[in-house]
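# Chains, contacts and geometry: an overview
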Amino acid sequence: SFLYPSVAVSGHAARTPLIFAFATSTHNSFLTLFFGLPFERAIKYHKMSARIAYLAGIMHTYVAFVAPVKDYKENSDFLS
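Within each chain, residue numbers correspond to sequence positions counted from 1 in written order. Selection of residues for local features in this predicted model requires a pLDDT of at least 70, selection of side-chain atom pairs for listing and counting requires 80 or more, and totals for whole chains, interfaces and linings are taken over all residues. Side-chain measures here rest on the full set of heavy atoms in the structure, leaving out hydrogens and waters.

### Re helix H3 (residues 39–65)
Condition: By the criteria applied, helices consist of DSSP H or I runs no shorter than four residues and strands consist of E runs no shorter than two, each listed in order from the N terminus. The span you would expect from a helix comes to 1.5 Å times its residue count less one. In this scheme, a residue with accessible area under 20% of its type's maximum is buried, one over 50% is exposed, and one in between is partly exposed, where area comes from a 1.4 Å probe on protein chains only.
For H3, built from 27 residues, the straight-helix expectation of 39 Å at 1.5 Å per residue is met to within 8% by its first-to-last C-alpha distance of 38 Å. Along H3, the residues that are buried comprise Ala42, Ser49, Ala53, Ala56 and Val63.

Following this line, the structure appears as structure tokens:
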């Protein structure tokens, strides 16, 4: 979350929908064969999960680059 950022947790949140986006991107993927999912419906799920992965990736970038700067500024008197 934005209150208590964690790079590991935000990385997992960004990676999970990305895995699903790659799994639904081809005609003969295991999801379409295993679940009997039509390709047209799989493309809808592919687009939705890719958008979720994009937004989660933006949050992960925020946590990785902005949050450590805040922690450093808060603890700068301790480091001196």
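### Brief notes about the packing of helix H1 (residues 7–23) against H3
Note the following rule: Only the stretch in contact is used when a helix axis is fitted, and all axes are lines through C-alpha atoms; the angle between N-to-C directions ranges over 0 to 180 degrees. Here is the rule for angles: anything less than 35 degrees is roughly parallel, anything more than 145 is roughly antiparallel, 65 through 115 is roughly perpendicular, and the remaining ranges are oblique. Should the near helix be turned counterclockwise from the far one by less than a right angle, the crossing is left-handed, whereas a clockwise turn marks it as right-handed. Two residues qualify as a contact provided that any one of their heavy atoms is within 4.5 Å of a heavy atom in the partner residue. Here the term charged refers only to Asp, Glu, Lys and Arg, the term nonpolar to Ala, Val, Leu, Ile, Met, Phe, Trp, Tyr, Cys and Pro, and the term polar to all other amino acids, Gly among them.
Contact geometry for H1 and H3: axes closest at 8 Å, N-to-C directions at 160°. Relative to H3, H1 is oriented roughly antiparallel. Crossing hand, H1 versus H3: left-handed. Residues Val7, Ser10, Gly11, Ala13, Ala14, Pro17, Leu18, Phe20 and Ala21 of H1 pack against Tyr45, His46, Ser49, Ala50, Ile52, Ala53, Ala56, Gly57, His60, Val63 and Ala64 of H3. Tallied by class, the residues present in the contact of H1 with H3 amount to 14 nonpolar, 6 polar and no charged.

### Things to note about H1
Over its 17 residues, H1 runs 24 Å from end to end, which matches the ideal 24 Å to within 8%, given 1.5 Å per residue. For H1, the set of buried residues is Ser10, Gly11, Ala14, Pro17, Ala21 and Ala23. Contacts made by the buried residues of H1 are with helix H2 (30–35) and H3.

### So, the environment of Arg15
For the record, the criterion: Between N or O atoms, a polar contact is any pair within 3.5 Å; within protein, one atom must be a potential hydrogen donor and the other a potential acceptor, and residues adjacent in sequence are included only when both atoms are from side chains.
Position of Arg15 among the secondary structure elements: in helix H1. By relative accessible area, Arg15 is classed as partly exposed at 42%. Separated by 41 residues in sequence, Arg15 and Ala56 place their C-alpha atoms 8.3 Å apart. Here His12 takes part through its side chain, which lies 2.4 Å from a polar atom of the side chain of Arg15.

### A short note on the environment of Leu31
The residue Leu31 is located in helix H2 in this model. With a relative accessible area of 9%, Leu31 lands in the buried category. On a C-alpha basis, the gap between Leu31 and Ala42 in space is 8.4 Å, while along the polypeptide they are 11 residues apart. Leaving out residues up to four positions away in the same chain, Leu31 has contacts with Phe20, Ala23, Thr24, Gly36 and Leu37.

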